[in-house]
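# Structural description and commentary
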Amino acid sequence: MTVRVRFAPSPTGFLHIGGARTALFNWLFARGHGGQFILRIEDTDQKRYVEGSLDDIMASLRWLGLDWDEGPDVGGPFGPYVQSERRELYRQWADWLIENGHAYTCYCSSAELKQMRKEQKENKDRLGYDRRCRYLTAAQRAEREAAGLTPVVRFAAPLEGTTTFHDAIRGDITYANEQITDQVLLKSDGLPTYHLANVVDDHLMQITHIMRADEWINTAPLHVNLYKAFGWEQPVLAHLPVVLSPSGKGKLSKRDQAFQEGNDLVLVQVREYKTNGYLPEAVDNFLTNVGWSFGDDVEKFTIREAAPRFELESINPAPTNLPYSKLDWLNSQYIQEMDDLALAQALKPYLEETGYEVNVDSLLAIVPAMKVRLKRLTDGNEFLRFLFDDDSWQPDPAKLRHNRLVDPLDAFVRSRDFVRDVASFTVASVAEGLYAIGEQATDTGKAGPLLGVLRYAVTGQQASPPLFESIVALGRTRTVERLDDCIAMLQ
RNA sequence: GACCCUGUCGUCUAGUGGUUAGGACGCGAGGCUUUCAAUCUCGAAACGAGAGUUCGAUUCUCUUCAGGGUCACCA
């Protein structure tokens with residue numbers, strides 16, 4: 001049997017990092033088992049629909065490289081892949097359940113249900129629908145229909161015994177049926193709830209394995225009983241561990257966009273990872289390491305390499321934080337593997353975003369030298385500020401001195417003169433000349449102190465690309481101007 | 001509150017009825033260096049607690065504690 005899995009997001013917001021992880025695990029499983037990965041849109045709650053979210057979800061999945069075999073845009077043999085276009089199907093199967101005694105119409109108003117819950121709370125009774133409509137006589141139903149009440153359809157759950165299902169990650173999980181209430185299957189607007197839609201679609205789309213978030217565990221017995229009622233085969237279930245907020249307080253998916261947690265900026269939408277300078281390969285790698293491990297003490301790998309090793313049974317069931325510092329490390333690793341042209345092109349939009357005018361050719365002169373310093377593509381904005389923003393160059397005179405320099409002013413003058421007069425303005429000759437001056441400028445004969453101070457003088461930054469490349473990128477004229485200003489400050 | 005899930009270094013994880021409990025990130029120290037960065041070496045750092053089973057438990061069982069999840073005409 002061919003493995004068929006699906007990612008089934010609701011278009012209620014931009015793609016969440018937790019959702020991306022769920023999609024990724026499904027993708028890994030499908031690709032590792034020669035199966036199909038299906039994208040299905042669960043838009044049965046029209047009230048929560050967010051304009052533009054479907055586009056973002058698909059764009060984000062594509063950015064991550066998670067391609068799907070069937071879906072709303074590419075079609076497929078089991079479409080449509082948007083639930084709101086399948087409503088007739090759900091209504092038919094809801095009717096089937098009613099006809100076969102597995103479901104019933106319920107006429108309770110929301111006010112009535114609210115009151116019921118209130119009383120349950122007050123009396124400390126178990127929460128949940130008390131099944132008052134389950135036992136209505138035909139006459140009573142007719143009476144309500146005549147009164148114009150629009151019913152919902154509820155599942156007639158088993159009243160006694162237990163329901164057990166097997167979770168591929170956690171093993172068998174058993175619930176007492178008296179804990180399970182009669183959930184709504186079809187809403188009064190004629191659209192299904194998740195419970196009905198998901199079971200009907202997974203069956204009709206021949207889904208073999210369901211990987212979904214942990215928070216669905218408690219409704220799994222309902223779904224299992226639905227499969228039983230329909231007489232359909234139950235797909236393998238696997239509930240993925242929740243992704244926690246970094247503080248460990250609550251699940252991350254409760255947050256819908258980036259927020260500050262202590263000193264860390266916590267990114268929650270996939271698009272935020274992109275705008276903050278992360279590479280999709282790094283995000284994929286990062287996510288795959290959470291709740292699963294490649295093995296052999298290997299931390300860095302592509303999802304293509306991971307797929308053949310990916311098994312449901314090896315997923316760690318414990319809830320988890322996202323280790324953001326590891327993402328930075330991975331991202332820097334992937335940046336260092338990029339070729340210079342690709343990196344220059346990747347950096348360009350971020351620089352332009354901050355208002356710098358850049359062209360790839362001039363960027364190529366400095367990019368190779370600063371590559372190892374980049375953790376995120378946005379770091380280029382900081383490192384290259386000295387190049388693109390003259391106004392930001394405001395060195396602190398106190399930092400132009402170094403206690404190993406015998407005569408800072410003299411060293412600056414000689415450096416300035418050298419840069420101004422050197423015949424060949426290249427990295428190699430600038431390096432040679434400044435080394436020589438630096439070695440004479442200290443009592444130890446080491447060039448380091450002068451070069452360190454010059455870096456600060458020329459760039460106005462504590463951290464920058466290497467000095468000689470920075471000088472060449474900046475150009476002779478601007479370098480001399482800045483050194484002139486520094487000399488004035490030192491006098 | 002009820003039910004369900006989970007519990008190995010700070011974090012992400014590997015692992016076993018007998019291991020010096022492994023790796024990674026981060027952190028600290030040192031080397032190298034254009035004293036930022038990268039890189040190399042070294043280091044600190046964990047089996048939540050209590051019973052039980054066993055010759056022996058981090059590993060199996062129970063209890064407990066802690067964290068999380070769910071209790072909608074939302075997914």
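Before reading further, recall that the structure is shown in the block above.
A brief report on the enclosed structure follows.

## Things to note about the pairing of strand β6 (residues 171-176)
Two faces belong to every sheet, and in a regular strand the side chains alternate between them. Sheet topology places strand β5 (residues 162-167) next to β6; six bridges connect them, and they run antiparallel. If you follow Phe165 over to β6, its bridge partner there is Ile173. In sequence, β5 turns back onto β6 through a hairpin of three residues.

## Section: the protein's contact with RNA strand B
Around RNA strand B, the structure places 64 residues, and the nearest of them are Arg170, Lys187, Gly291, Arg373 and Tyr435. What you see for RNA strand B is that sugar and phosphate hold 72% of its atoms within 4 Å of the protein. Within the backbone of Gly291, a nitrogen or oxygen atom sits 2.3 Å from a phosphate oxygen of RNA strand B. In this structure, a phosphate oxygen belonging to RNA strand B sits 3.0 Å away from a main-chain N or O atom of Asn321. Among the secondary structure elements, those contributing two or more residues to the surface near RNA strand B are α4 (110-122), β4 (152-155), β6, α11 (324-337), α18 (448-459) and α19 (467-474).

## Describing the sheet that holds strand β7 (residues 184-186)
Spatially, three strands are ordered β3-β4-β7 in an open sheet, and the strand pairing comes out antiparallel. Only two strands of the sheet have a single partner each, and these edge strands are β3 (103-106) and β7. On average, each strand axis in the sheet is tilted by 45° relative to the strand beside it, whichever way the strands run. Taken together, the four bridges between β3 and β4 define a ladder with antiparallel strand orientation. Among the inter-strand pairings, Thr105 is bridged to a residue of β4, identified as Val153.

## Here's the deal with the environment of Val224
With respect to the secondary-structure elements, Val224 resides in helix α7 (residues 220-230). For Val224, a relative accessible area of 7% translates into the label buried. Residues Val224 and Val243 lie 19 residues apart in sequence; the distance between their C-alpha atoms is 25 Å. The residues touching Val224, leaving out its near neighbours within four places in the chain, are Thr163, Thr164, Phe165, Gln234 and Leu237.

## Focus: helix α12 (residues 340-353)
Because each turn of an α-helix spans 3.6 residues, side chains separated by three or four positions in sequence point in the same direction. Between its first and last C-alpha, α12 extends 20 Å over 14 residues, near the 20 Å set by a 1.5 Å rise per residue. Of all the bends in α12, the greatest reaches close to 25° and is centred on Leu347; the proline Pro349 follows between one and four positions later. Among the residues of α12, the N-terminal cap falls to Asp339, whose side-chain oxygen and the backbone nitrogen of Leu341 are separated by 3.2 Å. A positive phi of about 100° marks Gly355, the residue just after α12.

## Some thoughts on the packing of aromatic side chains
Following the criterion strictly, the structure yields 16 aromatic pairs and no others. Measuring from centroid to centroid gives 6.5 Å for Phe165 and Tyr175, while their planes differ by 15°, and the two rings are stacked. Taken together, the residues span a long stretch of sequence, with Phe165 in strand β5 and Tyr175 in strand β6 at a distance of 10 residues. Each of the two residues, Phe165 as well as Tyr175, counts as buried. Between Phe286 and Tyr324, the ring centres sit 6.1 Å apart and the planes meet at 40°, which makes this aromatic pair tilted. Highlighted residues: Phe286 in helix α9 (residues 280-288) and Tyr324 in helix α11, separated in sequence by 38 residues. We note that Phe286, like Tyr324, is buried. Among the aromatic residues, those joined into a cluster by ring pairs are Phe25, Trp292, Phe294, Phe301 and Phe310. The cationic tip of Arg154 hangs over the ring face of Tyr129; the distance from NZ or CZ to the ring centre is 3.6 Å. The ring of Phe14 carries the charged tip of Arg271 above its face, separated from the ring centre by 3.8 Å.

## Topic: the packing of α12 against helix α13 (residues 360-370)
α13 packs onto α12 with a crossing angle of 115° between their chain directions and a minimal axis gap of 9 Å. Judged by the angle between their axes, α12 and α13 are roughly perpendicular. Read as a crossing pair, α12 and α13 show a hand that is right-handed. Contact residues: Asp340, Leu341, Leu343, Ala344, Gln345, Leu347, Lys348 and Leu351 in α12; Val360, Leu363, Leu364, Val367 and Pro368 in α13. Of the residues that constitute the contact of α12 with α13, the class distribution is 10 nonpolar, one polar and two charged.

## Brief notes about the pattern of salt bridges
Close approach of charged atoms allows side chains of opposite charge to pair. For the structure shown, the criterion picks out 32 salt bridges. Glu299 is paired through a salt bridge with Lys326; the nearest N and O atoms lie 3.4 Å apart. Here Glu299 is found in the loop between α9 and α10 (303-306), whereas its partner Lys326 is found in helix α11, with 27 residues between them in sequence. Of the residues examined, Glu299 reaches a relative accessible area of 34% and is grouped as partly exposed. For Lys326, a relative accessible area of 36% gives the class partly exposed.

Thresholds, definitions, all that
Residues numbered from 1 in each chain as written. Chains lettered and ligands numbered in written order. Predicted model: local features only at pLDDT ≥ 70, side-chain atom pairs only at ≥ 80, totals over all residues. Heavy atoms only, no water. Pairing = 2+ DSSP bridges. Helix = DSSP H or I, 4+ residues; strand = E, 2+ residues; numbered from the N terminus. Near = heavy atom within 4 Å. Polar contact = N/O pair within 3.5 Å; in protein donor to acceptor, adjacent residues only side chain to side chain. Axes fitted to C-alpha atoms, helices over the stretch in contact; angles between N-to-C directions. Buried < 20%, exposed > 50% of the residue type's maximum accessible area, 1.4 Å probe, protein only. Contact = heavy atoms within 4.5 Å. Expected span 1.5 Å × (residues − 1). Bend = angle between axes of the 7 residues up to and from the residue. Phe/Tyr/Trp six-rings, centres within 6.5 Å; stacked < 30°, edge-to-face > 60°. Lys NZ or Arg CZ within 6 Å of the ring centre and 35° of its normal. Parallel < 35°, antiparallel > 145°, perpendicular 65-115°, else oblique. Left-handed = near helix turned anticlockwise from the far one by under 90°. Nonpolar A, V, L, I, M, F, W, Y, C, P; charged D, E, K, R; others polar. Salt bridge = Lys/Arg side-chain N within 4 Å of Asp/Glu carboxyl O.

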